[in-house]
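Survey of secondary and tertiary structure
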Amino acid sequence: MPNLIPNLIEDKFHDECGIFGIYNHPEAAHLAYLGLYAQQHRGQESAGIVSSNGRKICHHKAMGQVAEVFSEDVLKGLKGWLAIGHTRYSTAGDTVLLNAQPLLAGFNKGLVALAHNGNLTNARQLRKRLEESGNIFHTTSDTEVILHLIARSAKRDFEEALADSLLQIEGAYSLVLLHGDRLYAVRDPRGFRPLVIGMIARSETLPLGPDLGNEETYVFASETCAFDLIGAKYVGELPPGEIARVDAGGLHRFRFAPETPHSFCIFEHVYFSRPDSVIFGRSVHASREALGRRLAREAPADADIVVPVPDSGVAAALGYSAESGLPFKFGLIRNHYVGRTFIEPEQSIRDFGVKLKLNPVRSLLEGQRVVLVDDSIVRGTTSRKIVRIIREAGAKEVHVRVSCPPTVGPCYYGIDTPTQKELIAANYDVEGIRKYIGADSLAYLSLEGLREAVSDTRGEFCTACYTGNYPTKVSTVQLETATRR
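Cut-offs used in this document
- Residues numbered from 1 in each chain as written.
- Predicted model: local features only at pLDDT ≥ 70, side-chain atom pairs only at ≥ 80, totals over all residues.
- Heavy atoms only, no water.
- Salt bridge = Lys/Arg side-chain N within 4 Å of Asp/Glu carboxyl O.
- Helix = DSSP H or I, 4+ residues; strand = E, 2+ residues; numbered from the N terminus.
- Buried < 20%, exposed > 50% of the residue type's maximum accessible area, 1.4 Å probe, protein only.
- Pairing = 2+ DSSP bridges.
- Axes fitted to C-alpha atoms, helices over the stretch in contact; angles between N-to-C directions.
- Contact = heavy atoms within 4.5 Å.
- Core = buried A, V, L, I, M, F, W, Y, C linked by side-chain atoms within 4.5 Å.
- Expected span 1.5 Å × (residues − 1).
- Arc of directions from axis to C-beta.
- pLDDT = per-residue confidence, 0-100.
- Phe/Tyr/Trp six-rings, centres within 6.5 Å; stacked < 30°, edge-to-face > 60°.
- Polar contact = N/O pair within 3.5 Å; in protein donor to acceptor, adjacent residues only side chain to side chain.
- 1 Å grid on protein atoms, 1.4 Å probe; cavity = no way out; pocket = protein on both sides within 12 Å on 5 of 7 lines; lining within 4 Å.
- Points joined across faces, edges and corners; volume = space filled by probe spheres on them.
- Nonpolar A, V, L, I, M, F, W, Y, C, P; charged D, E, K, R; others polar.

As a further point, take the pattern of salt bridges. Pairs can form between side chains of opposite charge once their charged atoms are near each other. According to the stated counting rule, one finds 24 salt bridges in the structure shown. Here Glu-268 ties to Arg-193 by a salt bridge, and the two come within 3.3 Å at their closest N and O atoms. On the criterion of sequence distance, the pair formed by Glu-268 in helix α8 (residues 267-272) and Arg-193 in the loop between β9 (182-187) and β10 (196-200) is long-range, its members being 75 residues apart. Taking the relative accessible area as the measure of exposure, Glu-268 reaches 0% and is therefore buried. With a relative accessible area of 0%, Arg-193 lands in the buried category. The shortest N-O distance in the salt bridge between Glu-452 and Arg-297 comes to 3.4 Å. Of this pair, Glu-452 sits in helix α15 (residues 447-453) while Arg-297 sits in helix α9 (residues 284-298); the two residues are 155 residues apart in sequence, bridging distant segments of the chain. Classification of Glu-452 by relative accessible area gives partly exposed; the value is 46%. When salt bridges that share partners are traced, they join Arg-293, Arg-294, Arg-297, Glu-298, Glu-323 and Glu-452 into one network.

Structure (structure tokens):
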């Protein structure tokens, strides 16, 4: 009987969600599909697209990855010239189709479609208040709270109602919405999660949708890698605390909240985002290579080769190799074709899950003193298995280097993390972790080095997972439980 394996390498934070929006393109749904495909790494549980011609809405969503959810026939049925899409890994709410996004709701302000990346820290209190007032919820997702707040707002104008609802929620949210013939994008005042703006140049041969004229095609996404695939030009970020509206008059932006200190998620640069993306105005690959260079200066090792844990440790390992002068070697090969299921042998094989995904290159490792570079250690279980695999391949020594500080706190802003009790660095010092994973030495990048590597000269990044100092109020209940509910 095949076994479900949602993540073979379990010693990682789980990805959050990816969102995409497009206005004024005759193949809006097809481009939304491609935009989600490029952001598949941000969520693999479900995917959905809502499209519209400004009057009629079409939608499709299902459990599974983007290529599994959308066929050519499905995409042909998603007609219209504006669309939003979502690929999900749940950080709040159960893993069921009801929670798949975009969410649709009809009320006195019209039909609204909404896709959300992030996590609302006061969703539980708001939901309780709304339910006590008679509101009926159809999902367990925190995103639905936003729709109920819009519906209940005393403001009759949709934009005013949207702004009114946003001022009641706390936490992390990057949103794309469809309302009538308008596309909206929203970013929370602290800017926890990224949201970028792009444009597609008009071509004389490009067929236009009805009543579109010669307006520009605007796109929004969680990451710029979505723009590269569809030929969109990166314009910039939507500033924190702003709403963007795209309509027949073009792109309009306005603030809905006062200026607030920024809290950009630093883990986007450490691990989450694709290295070919520009996030928070900076190349992710450049940041990760800088992390590795700084790590080599802070924690040199008497070794022969530098080996990354693929794929997330590659850029940092390149930086470590360049700074240290030690040769870079792909001593671990990742199997990119491992699916969601496998037929497990009846006889137990030690480290089977990791071996299925990572295999050592014995000819490179045998007799070598290895610097093993990874982006993070969360529980420590997988790091322990990888160290053991490298030793069994003949390595003389294994020196583990981690391109971020020890992870001591869960995230409540859109990342699925273990509880504090499950975070190894919250319960053991570096020496205790070294003994547990079986390395000859272990060193983490300092917080100062992390900030320097991402050019955080103004203290605009959230580092709560490394310090335990949260930029917003976090309830006692949240501190005692994992983000995923």
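Read on, since the account is not over.
It is worth spelling out the sheet that holds strand β18 (residues 305-308) at this point. Read from one edge to the other, the open sheet built from 4 strands follows the order β18-β22-β23-β24, with strand pairing classed as parallel. In the strand order of this sheet, the two ends are held by β18 and β24 (441-444), each with one partner. Here the average twist between neighbouring strands, direction ignored, is 25 degrees. Pairing of strand β22 (residues 369-374) with strand β23 (residues 397-402) involves 6 bridges; the strand directions are parallel. The partner of Val-370 across the bridge, within β23, is Val-398. Across the sheet, helix α10 (residues 314-324) lies against β18, β22 and β23, angled at about 170 degrees from β18, the strand it touches most. Contacts from helix α14 (residues 430-437) reach β23 and β24, with the element oriented near 130 degrees to β24.

Turning our attention to the sheet that holds strand β3 (residues 46-52). With antiparallel pairing, the 7 strands of this open sheet are ordered in space as β4-β3-β5-β2-β11-β10-β12. Both outer strands of the open sheet, β4 (57-63) and β12 (233-237), are each paired with one neighbouring strand and no more. For this sheet the average axis-to-axis angle between neighbouring strands, irrespective of direction, equals 15 degrees. As judged from the 5 bridges shared by β10 and strand β11 (residues 217-221), these two strands associate in the antiparallel manner. Paired with Val-196 across the bridge in β11 is Ala-221.

Counting 68 residues, the largest nonpolar core has Leu-372, Ile-390 and Val-400 as the members making the most contacts within it. Beyond its immediate stretch of four places on either side in the chain, Leu-372 contacts Val-307, Pro-308, Val-309, Leu-332, Ile-386, Val-387, Ile-390, Val-398, His-399, Val-400 and Arg-401. Judged by nonpolar contacts, the second largest core, of 29 residues, contains Leu-103, Leu-114, Leu-126 and Leu-130.

Time to look at helix α13 (residues 381-392). The terminal C-alpha atoms of α13 lie 17 Å apart, and with 12 residues this matches the ideal 16 Å at 1.5 Å per residue to within 8%. All buried positions along α13 are accounted for by Thr-382, Ser-383, Ile-386, Val-387, Ile-389 and Ile-390. All buried residues of α13 lie within an arc of 160 degrees about the axis, which places them on one face of the element. Just past α13, the residue Gly-394 takes up positive phi, approximately 110 degrees.

Model confidence for the protein is summarised by a mean pLDDT of 89, while 88% of its residues fall at 70 or above. Taken as a whole, residues 204-212 scores under 50 in pLDDT and shows 12 contacts with residues more than four places along the chain or in a different chain.

Here we come to the packing of aromatic side chains. A full pass over the atoms with the stated rule returns 14 aromatic pairs. A ring pair is formed by Tyr-33 and Tyr-37, whose centres lie 6.2 Å apart and whose planes are at 45 degrees; its orientation type is tilted. Linking Tyr-33 with Tyr-37, this pair stays in helix α1 (residues 28-38), spanning 4 residues, or about one helical turn. Assessed through its relative accessible area of 46%, Tyr-37 is described here as partly exposed. For the pair Phe-264 and Phe-461, a centre-to-centre distance of 5.8 Å together with 85 degrees between the ring planes defines the contact as edge-to-face. On the criterion of sequence distance, the pair formed by Phe-264 in strand β15 (residues 264-265) and Phe-461 in strand β25 (residues 461-462) is long-range, its members being 197 residues apart. Here Phe-264 matches Phe-461 in class, with each residue buried.

With respect to the secondary-structure elements, Glu-242 resides in strand β13 (residues 242-247). There is a polar contact of 2.8 Å between the side chain of Glu-242 and the side chain of Arg-253.

Before going further, it helps to spend a moment on the environment of Val-370. Among the structural elements, Val-370 can be located in strand β22. According to the relative accessible area criterion, Val-370 is buried, its value standing at 0%. Residues Val-370 and Ala-395 lie 25 residues apart in sequence; the distance between their C-alpha atoms is 6.8 Å. With residues near it in sequence (within four places) discarded, Val-370 still touches Ile-305, Val-307, Leu-365, Ile-390, Ala-395, Glu-397, Val-398 and His-399.

This model, assessed by the stated rule, comprises 4 cavities of 30 Å³ or more. The computed volume of the largest cavity comes to approximately 90 Å³. Here the lining of the largest cavity is composed, by residue class, of 12 nonpolar, no polar and 1 charged.

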